[in-house]
Every structure is written in structure tokens, then in C-alpha cells.
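Coordinate analysis (summary)
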Amino acid sequence: MGSLTGIAVHDAWAPYDPYTPAGHQLCCAHLLRELTAAAELAPQAVWPRQAADALLRLKTAADTARARRPPACLDQQR
């Protein structure tokens, strides 16, 4: 991973942090698991469910936008 210059999508494991040539994105599946755990640990807290719902709505919106995008735009993105 030392020469990676793209975007590394991963969990929040600290040893990934030194790979600075790459951009970093937290894996959304890992984030959803963390939010689920937070909701279970603090059932009175509203924010974990709100954050998970927002994340899932954002994913749906992104999937919908990708499905509606003309093929020419997809070629330009790559």
C-alpha cells in the first residue's frame, strides 16, 4: 500500500493513517456497524439511528444518480 496514490477505502484501523500519498475514506459498511453498536450501547441516544438513516439515504441517492447518468459521463469519469 506504500505506493498507493488513489483513494483507500478502509476501516478506521490506525496503521493505515501513515499512507499519506493516498486519500482515505472510511468504509460505509464499517461505519454502519459502528453506528449500530453505538445504538445498542446507548439505546436512549437518537443520533446513531439518525446518522445511519442519513448514510443509507445518501447511498440511495448516489446509486440513483449513477443509474441515471448518461454513459458518456461515465467514460469521462474514468
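Residues numbered from 1 in each chain as written. Predicted model: local features only at pLDDT ≥ 70, side-chain atom pairs only at ≥ 80, totals over all residues. Heavy atoms only, no water.

Counting secondary structure elements, the chain contains three helices and two strands. The helix and strand sequence of the chain, counted from the amino end, reads β-β-α-α-α. Across the 78 residues of the chain, 12% fall into the buried class. Within the chain, counting contacts between residues at least 6 apart in sequence, those at least 24 apart form 7% of the total. (Helix = DSSP H or I, 4+ residues; strand = E, 2+ residues; numbered from the N terminus. Buried < 20%, exposed > 50% of the residue type's maximum accessible area, 1.4 Å probe, protein only. Contact = heavy atoms within 4.5 Å.)

In this section: the pattern of salt bridges. For the structure shown, the criterion picks out three salt bridges. We note a salt bridge from Asp53 to Arg49, for which the minimum N-O separation is 3.0 Å. Taken as a pair, Asp53 and Arg49 lie in helix α2 (residues 47–68) at a separation of four residues, close to a single helical turn. For Asp53, a relative accessible area of 29% corresponds to the partly exposed category. (Salt bridge = Lys/Arg side-chain N within 4 Å of Asp/Glu carboxyl O.)

Turning to the confidence of the model for the chain, a few remarks are in order. Mean pLDDT over the chain: 84, with 86% of residues reaching 70 or higher. Mean pLDDT values for the elements of the chain range from 59 in helix α3 (residues 71–77) up to 95 in helix α1 (residues 28–41). (pLDDT = per-residue confidence, 0-100.)

Moving on, we come to α2. The end-to-end C-alpha distance of α2, which contains 22 residues, comes to 31 Å, matching closely the 32 Å that a straight helix rising 1.5 Å per residue would cover. Those residues of α2 that sit buried are Pro48, Ala52 and Leu55. Burial along α2 is one-sided: seen end-on, the buried residues are contained in an arc of 60°. Exposed and oriented more than 90 degrees from the buried face of α2 are Trp47, Gln50, Arg57, Leu58 and Arg68. Buried residues along α2 sit against α1. (Expected span 1.5 Å × (residues − 1). Arc of directions from axis to C-beta.)

On to the side chain of His10, then. Along the chain, His10 falls in strand β1 (residues 7–10). Classification of His10 by relative accessible area gives buried; the value is 11%. Among all residues touching His10, those that are not within four sequence positions of it are Tyr16, His24, Gln25, Leu26 and Cys27.

Before going further, it helps to examine the state of the cysteines. On inspection of all chains with the given rule, the structure shows zero disulfides. In this structure Cys27 is a free cysteine whose sulfur lies 6.6 Å from that of Cys28, the closest cysteine sulfur available. Exposure remark for Cys27: the relative accessible area of 18% places this residue in the buried category. (Disulfide = S-S within 2.5 Å.)

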